[in-house]
Amino acid sequence: MTRLFVRNIGPLATIQDLGRTGVIAKGLSRGGAADPVAHVEGSALLNQSTDNASLEMAGFGGTFEAQGTVYIALTGAPMSASIDGRPIKWNSSHKLNDGETLSIGSALSGTYGYLHVGGGFQTPCFLGSRSAHLTAGIGKRVETGENLPVGSYNAEGFISSTLDSDRRFGGGKVRILPSVHTALFSEEERQRFTQTSFTRSINSNRQGAELVYDGEGFTTKSALSILSEPMFAGDIQMTGAGKPFVLLPECQTTGGYPRIGMVLPDDLPTIAQAPVGTELRFRFIDYEEAKQVHRPVDVLYKSLRSKVRPLLRDPNDIKDLLGYQLISGAITGWDTENGG
């Protein structure tokens with residue numbers, strides 16, 4: 001089996017996919033990639049199923065040696081990357097030949113970067129997912145010296161490709177929906193919440209992101225009467241001191257803190273990717289607007305696939321230029337994208 005040998009790696013790297021469905025009732029949150037958009041981007045670049053598992057790297061990457069030919073894609077928080085010392089483009093797919101070394105450095109912006117492989121990482125599956133859920137004791141961190149098994153991949157017609165990256169790695173505005181407790185907060189408190197500038201605290205991880213700001217806590221007189229209820233990733237709960245905490249993939253499944261709103265799933269990666277100190281602001285939207293802008297995984301995948309384009313390489317970075325087939329095939333001259 002093709003493998004990727006881990007020469008060294010950052011301390012918070014785990015195997016992730018899109019998580020486990022139907023397990024909330026068992027007391028287990030879905031888990032999965034902190035940035036699902038990045039996970040789907042990698043699948044689109046490699047033209048493979050979104051079910052395949054990738055390597056999530058928090059803040060720092062590592063060094064990996066190919067044992068067999070491995071086709072890779074790099075997405076999420078941009079990180080410096082090279083193959084045998086040759087710089088390669090992020091948010092792109094590449095071919096890693098047997099014996100070549102992939103080096104991934106620290107994040108240049110954002111928090112979570114992803115290494116995808118054609119065929120996915122074939123680590124053990126539990127409850128329908130390969131995702132590590134460290135809070136629940138499922139799986140573990142990837143460590144130096146491991147040999148990560150890579151699944152089979154149809155590389156016929158493979159060419160290095162790229163996708164334009166969006167701006168979700170530098171904070172910004174986040175859309176939120178009213179939740180079960182929103183009406184418990186006064187109109188003045190809700191307005192103050194949307195007018196406040198927040199930054200992500202250092203006390204953040206895959207369970208959730210603590211937000212800090214100047215001013216008093218956000219409170220409701222009904223806080224003490226709330227019983228423990230189901231909670232989900234995206235919920236914005238207020239602690240006893242009135243500080244907001246946005247729940248992320250490995251959050252708890254029940255809680256009794258009041259929730260002022262819920263982050264639209266499409267914007268949750270903006271929270272997860274926000275580096276410490278990054279500004280975040282919130283805006284309430286209604287469910288009609290949410291239904292119009294929300295993109296389920298299958299819709300997102302199709303949209304991204306339509307935007308994948310060949311990666312143009314600098315000839316100076318190509319060691320064996322004469323070995324490349326630079327011209328082939330025939331064209332009609334018609335622009336098929338525009339109906340020709």
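Scroll up a little and you will see the structure.
Residues numbered from 1 in each chain as written. Predicted model: local features only at pLDDT ≥ 70, side-chain atom pairs only at ≥ 80, totals over all residues. Heavy atoms only, no water.

Asks: Would you mind going over the packing of aromatic side chains with me for this structure?
Replies: Each pair of aromatic rings is reported with the distance of its centres and the angle of its planes. Tallying each qualifying case throughout the model produces nine aromatic pairs. Aromatic side chains Phe-198 and Phe-218 sit 6.1 Å apart centroid to centroid with 45 degrees between the ring planes, which places their arrangement in the tilted category. Remark: Phe-218 occurs in the loop between strand S15 (208-212) and strand S16 (229-230) and Phe-198 occurs in strand S14 (residues 198-204); sequence separation between them is 20 residues. Here Phe-198 and Phe-218 have matching classes, each one buried. Taken together, the aromatic side chains of Phe-193, Phe-198, Tyr-213, Phe-218 and Phe-282 make up a single cluster linked through ring pairs. It is Arg-192 that lies over the ring of Phe-218; its NZ or CZ is 4.1 Å from the centre. (Phe/Tyr/Trp six-rings, centres within 6.5 Å; stacked < 30°, edge-to-face > 60°. Helix = DSSP H or I, 4+ residues; strand = E, 2+ residues; numbered from the N terminus. Buried < 20%, exposed > 50% of the residue type's maximum accessible area, 1.4 Å probe, protein only. Lys NZ or Arg CZ within 6 Å of the ring centre and 35° of its normal.)

Asks: Which parts of the structure should I look at to understand the sheet that holds strand S6 (residues 79-83)?
Replies: Strand pairing in a sheet relies on backbone hydrogen bonds, with the paired strands running either antiparallel or parallel. Taken in spatial order, the six strands line up as S7-S6-S9-S4-S1-S11 in an open sheet, and their pairing is antiparallel. Edge positions in the open sheet fall to strand S7 (86-87) and strand S11 (147-149), since each of these has one partner strand only. Examined bridge by bridge, strand S1 (residues 3-9) and S11 share three bridges and lie antiparallel to one another. Note that in S11 the partner of Phe-5 across the bridge is Asn-147. (Pairing = 2+ DSSP bridges.)

Asks: Where do I start with the pattern of salt bridges in this structure?
Replies: Any two side chains of opposite charge can pair, so long as their charged atoms come close to each other. According to the stated counting rule, one finds 17 salt bridges in the structure shown. Notably, a salt bridge pairs Glu-56 with Arg-206, separated by 2.9 Å at the nearest N-O pair. Within this pair, whereas Glu-56 is found in strand S3 (residues 54-58), its partner Arg-206 is found in the loop between S14 and S15, the two being separated by 150 residues in sequence. For the pair shown, Glu-56 and Arg-206 are each scored as buried. As a salt-bridge pair, Arg-190 and Glu-187 come within 2.6 Å of each other at their nearest N and O atoms. Taken as a pair, Arg-190 and Glu-187 lie in helix H2 (residues 187-195) at a separation of three residues, close to a single helical turn. Given a relative accessible area of 41%, Glu-187 falls into the partly exposed group. Within this structure, Asp-35, Glu-41, Asp-166 and Arg-168 form a network of salt bridges that share partners. (Salt bridge = Lys/Arg side-chain N within 4 Å of Asp/Glu carboxyl O.)

Read these as layout, nothing more, since geometry by itself doesn't imply function.
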